[in-house]
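Residues per chain are reported as follows:
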Amino acid sequence: MAIFEEKLKRLAEQLPDASRDPQAVRTRVEAMEKMLERAFVIPGINRPVGADWIVGLVPVVGDIVTALMSAYIVWEARNLGMSKLQLTRMAANVGIDTAVGAIPLFGDVFDFFWRSNSKNLKIIHKHLDKHHPGTRTLEG
């Protein structure tokens, strides 16, 4: 039993901080966006895709699961105190992705090109850079 508790404790230490600290939120949201939009590269065409596209290939259930994962990013934005207009834009991005993504075949092609989570991450970055400039990271 002690071995299990020790492994669980080490795993919890590796998880990002669960606080509302802007830097911790930025880290979590960036990690979620990467997992949903850019986790893998399709060989031959060098197009990054993520769980949003891959899981979205499963009819109905996949779209619901990815919508919930995308809603997490909007929830984190709400915790940052972002404006209702920003949250509405983000929710609209997720809604469009979910609604059109649910259409068989066409939705899968649409999901390949429409990156709602990347759009939402840009909105969050803009907010963080303006209101919490200390959270900026250098990108090379």
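Whatever comes next refers back to the structure up there.
Residues numbered from 1 in each chain as written. Predicted model: local features only at pLDDT ≥ 70, side-chain atom pairs only at ≥ 80, totals over all residues. Heavy atoms only, no water.

Draft legend 1. Examining the packing of aromatic side chains more closely. Applying the stated criterion across every chain, the model contains five aromatic pairs. Between the aromatic rings of F112 and F113, the centroid separation amounts to 5.0 Å while the plane-to-plane angle is 90°, which identifies the pairing as edge-to-face. An aromatic cluster of at least three residues, connected via ring pairs, comprises W53, F112 and F113. The ring of F112 carries the charged tip of R47 above its face, separated from the ring centre by 5.0 Å. Over the ring of W114 we find K119; its NZ or CZ atom is 4.5 Å from the centre of that ring. (Phe/Tyr/Trp six-rings, centres within 6.5 Å; stacked < 30°, edge-to-face > 60°. Lys NZ or Arg CZ within 6 Å of the ring centre and 35° of its normal.)

Draft legend 2. View of the environment of T135. Positionally, T135 belongs in the segment after α7 (116–131). Linking T135 and A24, residues 111 residues apart in sequence, is a C-alpha distance of 8.8 Å. In this view, T135 contacts P22, Q23, R26 and L128; residues no more than four positions away in its chain are not counted. (Helix = DSSP H or I, 4+ residues; strand = E, 2+ residues; numbered from the N terminus. Contact = heavy atoms within 4.5 Å.)

Draft legend 3. Looking closely at helix α2 (residues 22–37). Between the first and last C-alpha of α2 there are 22 Å, a value that for 16 residues agrees with the 22 Å anticipated at 1.5 Å per step. Within the span of α2, buried status applies to P22, A24, V25, R26, R28, V29, M32, E33, L36 and E37. Looking at the buried side of α2, the elements it contacts are β2 (47–49), α3 (51–56), α4 (61–79) and α7. (Expected span 1.5 Å × (residues − 1). Buried < 20%, exposed > 50% of the residue type's maximum accessible area, 1.4 Å probe, protein only.)

Draft legend 4. Representation of the nonpolar core within the structure. Within the largest apolar cluster, 17 residues are counted, with the highest numbers of intra-cluster contacts made by V29, I73, A77, L80, M82, M90 and I124. Listed by contribution, the elements that provide at least two residues to this core are α2, α4, α5 (84–101) and α7. Residues within four places of L80 in sequence aside, it is in contact with P22, V25, I124, H127 and L128. (Core = buried A, V, L, I, M, F, W, Y, C linked by side-chain atoms within 4.5 Å.)

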